[in-house]
Amino acid sequence: MSEEIRLKNIEITSPFWQRYRDLIAKKAVPFQWKMISDSEQPEVTSDRVAGGASEKSGAIENLKIAAQEKEGHHQGMIFQDTDVYKWLETVAYVLRYQCSNELKTLADRVINLIGKAQASDGYLSTRYQIDTPSLKFRQLQQSHELYSMGHYIEAGVAYYNVTKNKQALEIAEKMADCIDRNFGDASDKIHGYDGHPEIELALTKLYDCTHNKKYLNLANYFVLVRGTEPDFFDKQNQLNDIKYDPFPEMRHAKNNYLFDERPIFDVKMVQGHAVRVLYYLTGAAHVARLKKDKKLLEAVKRLWTDITNKQMYITGNVGQTAAGEAFTYDYDLPNKTDYGETCASVAMIMLAKQLENSEFKGEYGDILERELYNGALTGISLDGEHYFYANPLEISNKSYLNPASSHLSNRRLSWFSCACCPANITRLFASIDQYIYAIKGDQILIDQLISNQTEFSDQVKIEVESQLPWYGKIKVKVSNPNKKSFDLAIRIPAWSKETSIKVNDTSIKTNIQNGIQYFKISEDYEISINLDMNVHLIHANARVSDDHGKVAIQRGPIIYCAEGIDNSGSYDEYQIPTPTDAESELDSKMLEGIVKVKIQNSIHTNETKLYTTKLEEDNEIRPLTLIPYYAWANRKPSSMSVWLNEEI
């Protein structure tokens, strides 16, 4: 094997993603700072929908109280600190592609404040430091202490990697050292774990940065201990007065809500709080790769398969129910009551990336791509200042009248009392450059076909010119002045039914293995790829009862939906015939520039009777306009549906 290849520098050149990255830098980051610092009140809130109404965050103020710069009590959620940490992580990634002395100065001040708020032993959870210091690490089912510190560790590592701010990393190491002193197998330590996984994936990132094996071993401990002490939380709770519980109802959590009924090796079907499950699996996959633990990796992959083959919406959204923000059971995918938390889509991307780092396989990149352009992207508005917490696949203007859909909204909100999603989505897209390539030894995988210019070791440079998501022409130019020998792998998306490839202007026969086309590189190289961008009708598995007699529309990586604002009548009144006369049209002025799809031969029914023995033939051909799912609810409140009736 040749010397391992290293990625040195990457620049995103895709107009589509540049727009979002600029939006995050110029709009979202300043807006989120106003929210967490309470320098401005949110414009659009609702206490009816998922995430809840927010009039005041208190996140920065909590840190000031813990740092003894102010007096007062803790405000907001018990994990309110994480709103600051994810904002800080977003800032770190933004500073990598947009230099801003003003933003860096602000972030440095926040790091300094966090350092002051941190206890001398490394502990930091403002709720417990301010109001209940005697309960530190005694309410782990509900406390989110390790979850919160894990989010800081992620932010601290990211900020150090970009700015070399040593204080940012030192705070993270002190936190991890504090946790290491308190948790583990030793008789004088806590034999348990946080109710909300996160620390597992954070510690592996800290290990990647510091190469301190203590942090990897601690992450491994948390991964393997989960589920081996199923009564751990009950024992802790019995020692505490319920009046001090942050979430008293959690004492009676059911259906494996905490994902800890049994060890991962014994879990057959994924259940429980979706983000908890996925953060845990992400950390477990990372630990398995670093520890070369094949048994653990196979367990993660088995659950990945359950999620993606049996419990994932076509948009990539996961977590079917508002009751516990949770996975339910295989093939249970209701559209009108779907929860599909934005954070869960972010976590799916993180998990896909970790699995891809262990094994080059097209399915990981396919899901990652599905989430990027659909499940995750819908979580942020086109103006960067409004967000979805839950993401339905179908909603009407009267959905609020059904209590089962009361968590849903057809308009994005400015902020939430539980504001985990806004900065989660921005830290993802600010760091999208980390999801384009994967490297294993002397193999480079181009996983996401996003335009970029990237420099590797040995002066290898790769330039990708991609017209995605709207058109399917891809050009990959490899500059290899030292004639380094390596394998270049390119993921060919599963949605491309017909793919043609040229090398140096000569057509080649495709040889796609597990969704990947391989090339032997030893000199300069130019690859042209033409992907199939035809409109496809997608049918769900017959076991998904909600989608019987329905189709969804996909073009390239984009899932489309019908929004009421573009069509007369309700989407329920339309039927999609086969063959389908579908036309794609670029509209540079609509929704910041999209390719919209028109079904020219869709059938509109005027049937008014509730029940009949035979449908009246009072139908007409009426075009149906479809827009990308990620772009819905960016104009005015409207009905929307991804799954549409197929012609009877």
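Preceding this paragraph is the structure being described.
A.B. asks: Hey, could you run me through the packing of aromatic side chains in this one?
C.D. replies: A ring pair, where both rings are aromatic, is described by two values, the distance of the centres and the angle of the planes. All told, the structure shown has 28 aromatic pairs when counted by the stated rule. Judged by centre distance (5.0 Å) and plane angle (40 degrees), the ring pair of Trp33 and Trp87 falls under tilted. Linking Trp33 in helix α1 (residues 15-36) with Trp87 in helix α3 (residues 81-97), this pair joins segments that are 54 residues apart in sequence. With a centroid separation of 5.1 Å and 85 degrees between ring planes, the pair formed by Phe137 and Phe183 is classed as edge-to-face. Of the two residues, Phe137 sits in the loop between α5 (126-130) and α6 (145-163) while Phe183 sits in the loop between α7 (166-182) and α8 (199-210), which places them 46 residues apart along the sequence.

A.B. asks: How do you make sense of the environment of Gln434 when you look at a structure like this?
C.D. replies: Here Gln434 is to be found in the loop between α15 (420-430) and β5 (437-440). The spacing of Gln434 and Lys353 is 81 residues in sequence and 9.2 Å in space, taken between C-alpha atoms. If sequence neighbours within four positions are ignored, Gln434 has contacts with Tyr93, Arg96 and Lys353.

A.B. asks: Would you explain unusual backbone geometry in this entry?
C.D. replies: It is generally the case that most residues other than glycine have a negative phi and that most peptide bonds are trans. The omega torsion across Leu468 and Pro469 is 10 degrees, close enough to zero to call that bond cis. Note that the residue after Thr578, namely Pro579, is joined by a cis bond; omega there is 0 degrees. By secondary structure assignment, the location of Pro579 is in the loop between β18 (574-576) and β19 (582-587). Positive phi, close to 55 degrees, is recorded for Lys292, a residue that is not glycine. Tracing the chain through its elements places Lys292 in the loop between α11 (274-291) and α12 (294-310). For Leu591, which is not glycine, the phi torsion reads 50 degrees and is therefore positive. Topologically, Leu591 is positioned in the loop between β19 and β20 (594-599). On the basis of relative accessible area, Leu591 is assigned to the buried category, the value being 10%.

A.B. asks: Looking at this structure, how should I read the pattern of salt bridges?
C.D. replies: Pairing between side chains of opposite charge can happen when the charged atoms of each approach one another. Following the criterion strictly, the structure yields 33 salt bridges and no others. A salt bridge links Glu61 to Lys70, with the shortest nitrogen-to-oxygen separation between them at 3.6 Å. Assessed through its relative accessible area of 19%, Glu61 is described here as buried. Across the salt bridge formed by Arg635 and Glu563, the nearest N and O atoms sit 2.8 Å from each other. Separated by 72 residues along the polypeptide, Arg635 in the loop between β23 (624-628) and β24 (640-641) and Glu563 in strand β17 (residues 558-563) bring together distant segments of the chain. The exposure class of Arg635 is partly exposed, given its relative accessible area of 34%. In the salt-bridge network here, residues are joined through shared partners; they are Glu89, Glu154, Lys205 and Arg427.

A.B. asks: Got a minute to help me understand the environment of Gln98 in this structure?
C.D. replies: When you line up the elements, Gln98 lands in the loop between α3 and α4 (101-117). By relative accessible area, which is 21% here, Gln98 ends up partly exposed. With 177 residues separating them in the primary sequence, Gln98 and Val275 have C-alpha atoms 30 Å apart. If near-sequence neighbours (up to four positions away) are discounted, Gln98 is found in contact with Asp22, Ala25 and Lys26. A polar side-chain atom of Gln98 sits 2.7 Å from a polar atom in the side chain of Asp22.

A.B. asks: Please clarify how the nonpolar core should be interpreted in this entry.
C.D. replies: Among the nonpolar cores identified, the biggest contains 217 residues, and Trp17, Phe429 and Leu488 are the most heavily contacted of them. Of the residues forming this core, the biggest block, 12 residues, is contributed by α1. Among the nonpolar cores identified, the runner-up in size contains five residues, and Phe360, Ala438, Leu445 and Ile516 belong to it.

A.B. asks: Honestly, the sheet that holds strand β6 (residues 443-446) in this entry has me stumped. Any pointers?
C.D. replies: The pairing of strands in a sheet comes from backbone hydrogen bonds and takes either a parallel or an antiparallel form. Taken together, the four strands give an open sheet; going across it, the order is β5-β6-β10-β13, and neighbouring strands pair in mixed fashion. Every interior strand has two partners, whereas the edge strands, β5 and β13 (516-521), have only one. Strand after strand, the sheet turns through a mean of 20 degrees between neighbouring axes, direction not considered. As defined by bridge partners, strand β10 (residues 486-491) adjoins β13 across six bridges and the pair is classed as antiparallel. Residue pairing across strands places Phe486 opposite Ile521, the latter belonging to β13. Of the strands in this sheet, β5 and β6 touch helix α13 (residues 342-358), which is tilted by about 30 degrees from β5.

A.B. asks: What is the right way to look at the state of the cysteines in this model?
C.D. replies: Here is the idea: a disulfide is a covalent bond, and it sits between the sulfur atoms of two cysteines. Applying the stated rule across the entire model yields zero disulfides. Considering cysteine sulfurs only, Cys421 is the nearest to Cys561, which forms no disulfide, with 19 Å between them.

A.B. asks: How do you make sense of the packing of α11 against α12 when you look at a structure like this?
C.D. replies: For any two helices packed against each other, one specifies the inter-axial angle together with the distance between the axes. Interhelical geometry of α11 versus α12 gives an angle of 145 degrees and a closest axis separation of 9 Å. Crossing angle aside, the handedness with which α11 passes α12 is left-handed. Touching Leu278, Leu281, Ala284, Ala285, Val287 and Ala288 of α11 are Leu296, Leu297, Val300, Leu303 and Ile307, all from α12. A class-by-class count of the residues in the contact of α11 with α12 yields 11 nonpolar, no polar and no charged.

Thresholds, definitions, all that
Residues numbered from 1 in each chain as written. Predicted model: local features only at pLDDT ≥ 70, side-chain atom pairs only at ≥ 80, totals over all residues. Heavy atoms only, no water. Phe/Tyr/Trp six-rings, centres within 6.5 Å; stacked < 30°, edge-to-face > 60°. Helix = DSSP H or I, 4+ residues; strand = E, 2+ residues; numbered from the N terminus. Contact = heavy atoms within 4.5 Å. Buried < 20%, exposed > 50% of the residue type's maximum accessible area, 1.4 Å probe, protein only. Salt bridge = Lys/Arg side-chain N within 4 Å of Asp/Glu carboxyl O. Polar contact = N/O pair within 3.5 Å; in protein donor to acceptor, adjacent residues only side chain to side chain. Core = buried A, V, L, I, M, F, W, Y, C linked by side-chain atoms within 4.5 Å. Pairing = 2+ DSSP bridges. Axes fitted to C-alpha atoms, helices over the stretch in contact; angles between N-to-C directions. Disulfide = S-S within 2.5 Å. Left-handed = near helix turned anticlockwise from the far one by under 90°. Nonpolar A, V, L, I, M, F, W, Y, C, P; charged D, E, K, R; others polar.

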